Structure formats: structure tokens, C-alpha cells
Amino acid sequence: MAYPYQIQSKEQYDAHYRESVENPEGFWAEVAGHFQWHKPWEKVLDWSFEEPRIEWFRGGRLNITENCLDRHLEQQGDRPAIIWEPNDPGSEGLTLSYRQLLDKVMQLCHVLRRNGVQKGDRVCIYMGMVPELAIATLACARIGAIHSIVFGGFSARSITDRLEDAQAAFVITADGAHRGNKAIPLKSVIDEALEQCAFVKKVIVLRHTGTAISMKEGRDCYWDEEVKQVAAAGKPFFPAESMDAEDPLFILYTSGSTGKPKGVVHTCGGYMVYASYSFVNVFQYQPGDVYFCTADIGWITGHSYIVYGPLLAGATTLIFEGIPTWPDAGRFWDIVDKHRVNILYTAPTAIRSLMSFGTEPIEGHDLSSLKVLGSVGEPINEEAWQWFHEHIGKGRCPLVDTWWQTENGGILISNLAGVTPAIPTFATLPLPGIQPVLVDEKGAPAQPVKQEDGSSITSGNLCIRFPWPGMFRTTYGDHERFRQNYFAAYPGLYFSGDGCYRDDKGNYRITGRVDDVLNVSGHRIGTAEVENAINSDPSVIESAIVGYPHDIKGQGVYAFVVCDPEHTPGEEARKAILQTVTHLIGAIAKPDKIQFVSGLPKTRSGKIMRRILRKIAEGALDSLGDTSTLLDPGVVEEIKAGRV
Ligand code: PRX
């Protein structure tokens, strides 16, 4: 068997699950034993959710890239590690074998070292979906630098915030990126971001789109020229830095319900074990399979399931530069046929968007290579589930609905393809090692409620009561925020921020966020962040953001905005607000709807009643509940009447 820890049957799942709860340390030590370590760990697990402190495999030393690359050379050095499919179907793609990928990673390690990067330094990576993005990620990991990848759609201001928070002195970027028919000027966005970041010492720039850019003498250098220098010096090998299992591997910024995005910190040992374990089990990857995850490497899904998870398993991972609907809505299906893709992992928002084109773009495609389908990022509605299963999977491919979060490092709740049963719209069962609990508002265990058909359902806030190796260890530079955000609501538990229910067979169905975080096209958007952006517009006094059901995006962003009486709210103001949000955060956070109002519904203590605004945005105008305790109940009528 290729993966000694790959579960083969439901009975085996049950047995492994039981063991992982009864003897978690023994269970994870056994899995971790299948990786390459420079030095064994001294203690498998040391933890307290009260402090909070989580340590896995303490004292163990390793480098994740040796496990992703070097380890596979002997058996499969010439097998494809990465298949790159460019944005434009007419351009030439690229396939890199494990040996070629390692060579390129080591070359870039030399480049990083030449430019002064040392173990522990933070390196910000801002690139499109090109193979060099994976190479840059792995080169950082090999040298022991902490990568902080920023999604290519974020604005200059968002990059500045992240660079400052991480005190990253190095940036790796490209001249530009292609996405559908758009060209994204990455380097000029970086230039703008760096106006505020004098501490950035070096910027390495990949030539990709050929867009004209400016280079700052002494600070900026070209990737290809640097690689040439390294090659001329004839130093092909670059030894992997020996890292402690608990040394940080990367920081990834994500939005919360308050303040600025927080830097989620993942460490080397535990993350490696969990990314690989979850990958081979959920997708049931078999050697030789071609695996295609459509996420962007700038999000956690790309970190764990385009780069690390697949490469740790010696898999072939496909990186696609473009978007599902360009040049037409058959692009994914062309790719599946062209590369004989066996496993396709995508997002409900992509599925819904493709559904809206009907089945015509699928016609003429074979799709017979597909064996497993996967979904991630938000709850998948029944209609999208059935469409994906029937029209793409032709009713014969198991579909895994994978629930997890940036903070989790890997999939926590999901069926295992073809091994444990799928139930449409249910993420179903926790992976071994994951112990979910549902609690009520006060933190007491949620109680089952009998249904008319005799079954029972337990519903509550989704928490996890025991650590798993892939969980994050802190929020960068602010451990107190880590405690407050995740461990303070329910003492002794990690709180996910999601609502959920469980049937009487133990299957979980995630219902969505219960905090002030929106999930727009599978992207997390903090309402406070968008409000702060809107409020910075000089014509705005205050604003409130809520989500509302959106056919394609899952949730849309609805903004209620109070303008300064001197400004007449209108088209101009609307445009200005959209521009401000794009400038401060990025186009992904732009409100879909803006309603100008004269005031917001507030309690007597001044708290905005979001519950009421949510109902109005949803169009549930008759179920607003009691509004008599509001400071100014009249404002509700005005808002209802002006709904857009
Ligand atoms: O609300 C849940 C939703 O996405 C949130 C996590 O977002 P992020 O950290 O950006 O990571 C997304 C990709 C892992 C969760 O709190 N979510 C993610 N997957 C699912 C989901 N909701 C329901 N079902 C899922 N399969």
C-alpha cells in the first residue's frame, strides 16, 4: 500500500477514529513515523486550551521540503509533480517532474540566500497562479524562512498592513498576472504598498506577463537574472535547514469579526503530518492520479491542497492560472480532459457559476477520467451538490464535502471518498483525531431535539475539544488575540465561529458563520474591516455591513450607509464607496448593494442591531421581531421602505 495511513473501509475508519480519541498521542506518533525526521521528537503532544498552548512533536527536527521533494526522488524522480495549465488555452503549459521541481526550488534557495534571507525571516509572496509561486513557497520552507502569501487580488493597502504586521523584509512577486481577460499589475501594486514599508530590503521579480514595470535600484532584482548568477556559480545543491517541529512554517492572514486581519501561524511538524494525512484519506489519492484543486495558492486551500498535501504524498498536482469561465464556461472540463484529471476539488461558488451556463459547455467533454469530486469553502446547497454529482461526476464519482478553516491547517470534517458515505449538504463525519462538540450560547452541551419522523437533531455552535497536529499555534505577534478570538467564548474549547447541526448518526451539517464574518464566494470577509473602509470615506458618518443570500456567491455584501448631511447620497457617493473598498481591501470585499439611510437601528446603549439589518437585507420584512426597544424605531420603517 502506498500510504500506510490510508483508511480503506468504513470499519477501519471507525476503528481508527476510536483509537485517535482513546490514544491520540500513539495514533499521531504512528502517522508521523512515516515521514523523514532529522531527529525524533521528545514529546508527542503538550497542550492546554486554557493558556492556550499547543505543541506537537516537540524537539523533533525536520524540513518539510525534504518530505515533499527529496524523499520521492528515488522512487519517482521523473514522475510529474506539477502540471501547470496557463490562463490562455493557446499558450504552452509546463510539467515539472519531482527532480526538476527540487532543482528549481534549490536554485531559488540560493537566490534567497544571496539576497540575505535567513532562517526565521518573513518573506511575503504576491504572485499569480504560476509554477514559480509553488517554487517560491517551497524555497522559503527549505531555507527556513516563514512565508506569508498574499492573494493576488488584495490591494496595496492590504499588503502594507500584512508586511508591517509580519515585519517582512523580503518580497517575491511578478511583473503581472493573467486572470481571464484581465491583466493584474502585481509589481506596481507592490511598489505602491512599499511606499509605506521602508523596512523591505529586497524584492525579487518574476518576468511573466511582460508588463512594463519600474525597478528600484538596489532593492529590486529579476528572478531570471538571479537564477543565472546562481547557475553560473555552479552550486546546484542547497541543503534543507533543520527546523524544530514547532518552528513556524508560514503566516497566512485571514479576516475575523473584529479589527484587522490576523496572521494565522502554522508550524512545520504538525502541519506536515496533518496536511498529508488528510489529503490521502479524504481524496483517497492513488499513486499516478492527476489531482486538480481549483483554489488559489494565496488561500489556505491552496497551501494545504495544491502545494503541501499533494507533494507530501508524491502526487501530481495541477496548477491552473485562469478562471472557470474564460475563454468560456467549459474551461475546467477542457482541462479535465486534456490532463486526464482524476480528482477535482473546487468550491460551491464555482459550481453555481458554471451551473448558470446550463449543460451546454459540458457537452463534447469526456470527463471519464474523473474518480473523485470535492467541495470546500462554504456550505454546498443541495442543487449545486446534485448538479456537480450528476453532470460532472456522471453519478459515479464520490463527492466529498470538506469542512475546515484557515486556522485548522487541513480538513476536519468530511466524508472519505468512496470509503464513508456521502450525504448531500452534509460534511458528515470528523476525521480521526478531530473531536467536535456542539454547544449552546452559554457553552453547555447542545441537547438533541426530537423531530416529527422520530429522529433527533442537535444544533449549536461548533467547537473542537482536543488539538490535532494541523491546528494553528498563535496569531502572529499577538497571542492574546489568539486566546480571545478562539478560546475565550467557551473555556476549554476551540470555537470555530460556525453554526452546525448533527443528526442522530453523528453526521455534521455546517450552517454558516454565527459571528460577524461573511463568506463571499468562499472568501472570508470581516464586516468590521469593510465598515472601517467605508467609514474612512469623508462623506460617510457610519455604516453597517451584513450578508444576504446570493445565488452565485453564497453570500452577498449589503452595506447600509449613513452620509454626512452635507453630501447628497447618490451615484457619485456609491462609486466613491466602491472605490474606497477596492483601494483599502480589494475588489473581493466590494459591497453588492449599498443603501443610503438616515440612521441605523440601535439599542439604547448604542449597539447596532445587525439582526434587524440582516432580516431587511434578506427581504424577511415581516419577521423583524421586537423593534420597540430601539432608540429610534422609526428608522426601521424608513430602511424597510428603501431596501435595494
Ligand atoms: O464558515 C466555514 C466555511 O468557511 C469558513 C472558513 O473560511 P476560510 O478560513 O477562508 O477557509 C476556507 C477553506 C478551508 C468556515 O468557518 N466553510 C469552509 N468549508 C465549508 C464551510 N462551510 C460549510 N461547508 C464546508 N465544506
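Described below are features of the structure shown in this document.

Scoring rules and cut-offs
- Residues numbered from 1 in each chain as written.
- Predicted model: local features only at pLDDT ≥ 70, side-chain atom pairs only at ≥ 80, totals over all residues.
- Heavy atoms only, no water.
- Helix = DSSP H or I, 4+ residues; strand = E, 2+ residues; numbered from the N terminus.
- Rg over C-alpha atoms; globule rule 2.2 N^0.38 Å.
- Buried < 20%, exposed > 50% of the residue type's maximum accessible area, 1.4 Å probe, protein only.
- Contact = heavy atoms within 4.5 Å.
- Areas by Shrake-Rupley, 256 points an atom, 1.4 Å probe, with all protein chains shown as cover.
- Lys, Arg positive; Asp, Glu negative; His and termini not counted.
- Charge placed at Lys NZ, Arg CZ, Asp CG, Glu CD.
- Pairing = 2+ DSSP bridges.
- Axes fitted to C-alpha atoms, helices over the stretch in contact; angles between N-to-C directions.
- Near = heavy atom within 4 Å.
- Polar contact = N/O pair within 3.5 Å; in protein donor to acceptor, adjacent residues only side chain to side chain.
- 1 Å grid on protein atoms, 1.4 Å probe; cavity = no way out; pocket = protein on both sides within 12 Å on 5 of 7 lines; lining within 4 Å.
- Points joined across faces, edges and corners; volume = space filled by probe spheres on them.
- Nonpolar A, V, L, I, M, F, W, Y, C, P; charged D, E, K, R; others polar.
- Domains from an automatic or database assignment.
- Core = buried A, V, L, I, M, F, W, Y, C linked by side-chain atoms within 4.5 Å.
- Salt bridge = Lys/Arg side-chain N within 4 Å of Asp/Glu carboxyl O.
- Disulfide = S-S within 2.5 Å.
- Phe/Tyr/Trp six-rings, centres within 6.5 Å; stacked < 30°, edge-to-face > 60°.
- Lys NZ or Arg CZ within 6 Å of the ring centre and 35° of its normal.

### Section: the overall build of the protein chain
In terms of helices and strands, the protein chain carries 19 helices and 31 strands. By the compact-globule yardstick of 26 Å for 644 residues, the protein chain fits well, its C-alpha radius of gyration being 24 Å. With respect to the principal axes defined by its C-alpha atoms, the protein chain has extents near 75 × 65 × 55 Å. Counting only residues that meet the buried cut, the protein chain has 59% of its 644 residues in that class. Restricting the contact set of the protein chain to residue pairs at least 6 apart, pairs at least 24 apart contribute 71%. Entry remark: accessible area of the protein chain is about 24,400 Å², with carbon and sulfur atoms responsible for 49%. The average position of the 62 basic charges and that of the 79 acidic charges among the side chains of the protein chain differ by 2 Å.

### Examining the sheet that holds strand 11 (residues 202–206)
In space, the 8 strands of this open sheet follow the order 12-11-8-6-7-14-15-24, with mixed pairing throughout. Edge positions in the sheet fall to strand 12 (220–222) and strand 24 (474–475), since each has one partner strand and no second. By the bridge criterion, 4 bridges tie strand 6 (residues 122–126) to strand 8 (residues 170–174) in an arrangement that is parallel. Bridging from a neighbouring strand, Tyr126 pairs with Thr173 of strand 8. In this fold helix 8 (residues 186–194) packs onto strand 6, strand 8, strand 11 and strand 12, with an angle of close to 155° to the strand it touches most, strand 8. Of the strands in this sheet, strand 7 (146–149), strand 14 (248–254) and strand 15 (262–267) touch helix 11 (residues 300–312), which is tilted by about 140° from strand 14.

### Regarding the environment of Ala240
Mapped onto the elements, Ala240 comes out in the loop between helix 9 (223–233) and strand 13 (243–244). Residues Ala240 and Pro549, spaced 309 residues apart in sequence, show a C-alpha to C-alpha distance of 48 Å. Look past the residues within four positions of Ala240 in its chain and what remains in contact with it is His38, Asn63, Thr65, Glu66 and Arg142.

### Considerations on the site of the ligand
What surrounds the ligand is a group of 17 residues, the closest being Asp401, Thr402, Thr406, Asp498 and Arg524. Contact between the ligand and Thr406: an oxygen atom at 2.6 Å from a side-chain N or O atom of the residue. Arg513 is positioned such that a nitrogen or oxygen atom in its side chain is 2.8 Å from an oxygen atom of the ligand. Contact with the protein chains hides 96% of the accessible area of the ligand, taken as 540 Å² for the molecule alone. Contributing elements (two or more residues each) for the shell around the ligand: helix 11, strand 20 (399–402) and strand 26 (508–513).

### Thoughts on empty space enclosed by the protein
On inspection of all chains with the given rule, the structure shows 2 cavities of 30 Å³ or more. The volume enclosed by the largest cavity comes to roughly 40 Å³. Along its surface, the largest cavity is lined by Asn63, Ile64, Ala141, Gly144, Ala145, Met243, Pro248, Leu249 and Cys268. Looking at the lining of the largest cavity residue by residue, the classes come out as 7 nonpolar, 2 polar and no charged. Mapped onto the domain boundaries, the lining of the largest cavity takes at least three residues apiece from domain 1 (10–65 + 246–513) and domain 2 (69–241).

### Regarding the nonpolar core
With 173 residues, the main nonpolar core has Leu101, Trp223, Phe283 and Tyr308 as its most contacted residues. Broken down by element, the residue count for this core peaks at 10 residues, all from helix 10 (residues 268–282).

### Considerations on the pattern of salt bridges
Under the counting rule described, the total for this entry stands at 36 salt bridges. For the salt bridge of Arg473 with Glu246, the shortest nitrogen-to-oxygen distance reads 3.0 Å. On the criterion of sequence distance, the pair formed by Arg473 in the loop between strand 23 (456–464) and strand 24 and Glu246 in the loop between strand 13 and strand 14 is long-range, its members being 227 residues apart. Each member of the pair, Arg473 as well as Glu246, is classed as buried. Residues Asp366 and Arg340 are paired through a salt bridge, measuring 3.0 Å at the closest nitrogen-oxygen approach. Pair noted here: Asp366 is in the loop between helix 13 (348–355) and strand 19 (372–376) and Arg340 is in the loop between helix 12 (331–339) and strand 18 (343–346), with a separation of 26 residues, a long-range link. The exposure class of Asp366 is partly exposed, given its relative accessible area of 43%. Three or more residues are tied together by salt bridges with common partners; here these are Asp46, Glu51, Arg53, Glu55 and Arg58.

### A short note on the layout of surface pockets
In this structure, the second largest pocket encloses a volume near 340 Å³. If you go around the second largest pocket, you meet 16 residues; those closest to its centre are Ala2, Tyr3, His72, Gln76 and Ala313. In terms of residue class, the lining of the second largest pocket is made up of 8 nonpolar, 6 polar and 2 charged. Of the residues that make up the lining of the second largest pocket, three or more belong to each of domain 1 (10–65 + 246–513) and domain 2 (69–241).

### Overview of unusual backbone geometry
Of note, the amide linkage connecting Glu51 to Pro52 takes the cis form, showing an omega dihedral of -10°. By the element assignment, Pro52 lies in the loop between strand 1 (43–48) and strand 2 (53–58). The omega angle of the peptide bond from Trp326 to Pro327 is -5°, so this bond is cis rather than trans. Position of Pro327 among the secondary structure elements: in the loop between strand 17 (316–320) and helix 12. Positive phi, normally seen in glycine, also occurs at Lys394, with a value near 50°. Tracing the backbone shows Lys394 in the loop between helix 14 (382–392) and strand 20. Among the residues examined, Lys394 registers a relative accessible area of 40% and is labelled partly exposed.

### Side note on the pairing of strand 23
For strand 23, the tally of buried residues reaches 7 of 9 residues, placing the bulk of the element in the interior. Direction of pairing for strand 21 (residues 436–439) relative to strand 23: antiparallel, over a ladder of 4 bridges. The residue bridging Val437 from the neighbouring strand is Cys463, located in strand 23. Looking at chain direction, strand 22 (residues 448–450) and strand 23 are connected through 3 bridges and run antiparallel. Bridged to Pro448 within strand 23 is Thr458.

### Examining the state of the cysteines
Evaluation of the coordinates by the stated rule reveals 0 disulfides. The closest cysteine sulfur to the non-disulfide-bonded Cys197 is located on Cys124, 9.1 Å from its own sulfur. Owing to a relative accessible area of 3%, Cys197 belongs among the buried residues under this scheme. Here Cys463 stays unpaired: no disulfide links it, and the sulfur of Cys500, its closest cysteine neighbor, is 10 Å away. On the basis of relative accessible area, Cys463 is assigned to the buried category, the value being 0%.

### Re the packing of aromatic side chains
Following the criterion strictly, the structure yields 43 aromatic pairs and no others. With a centroid separation of 5.7 Å and 45° between ring planes, the pair formed by Trp56 and Phe57 is classed as tilted. Relative to Tyr291, the ring of Phe279 has its centre 4.9 Å away and its plane inclined at 85°; by these criteria the two rings are edge-to-face. With Phe279 in helix 10 and Tyr291 in strand 16 (residues 290–293), this residue pair connects regions lying 12 residues apart in the sequence. Side by side, Phe279 and Tyr291 carry an identical accessibility label, which is buried. One aromatic cluster is present, formed by Trp47, Phe49, Phe466, Trp468, Phe472, Phe482, Tyr486, Phe487 and Tyr494 through successive ring pairs. The ring of Phe154 is capped by Arg162, whose NZ or CZ atom sits 4.4 Å from the centre of that ring. Looking at Arg207, its charged tip hangs above the ring of Tyr222, at a distance of 3.6 Å from the centre.

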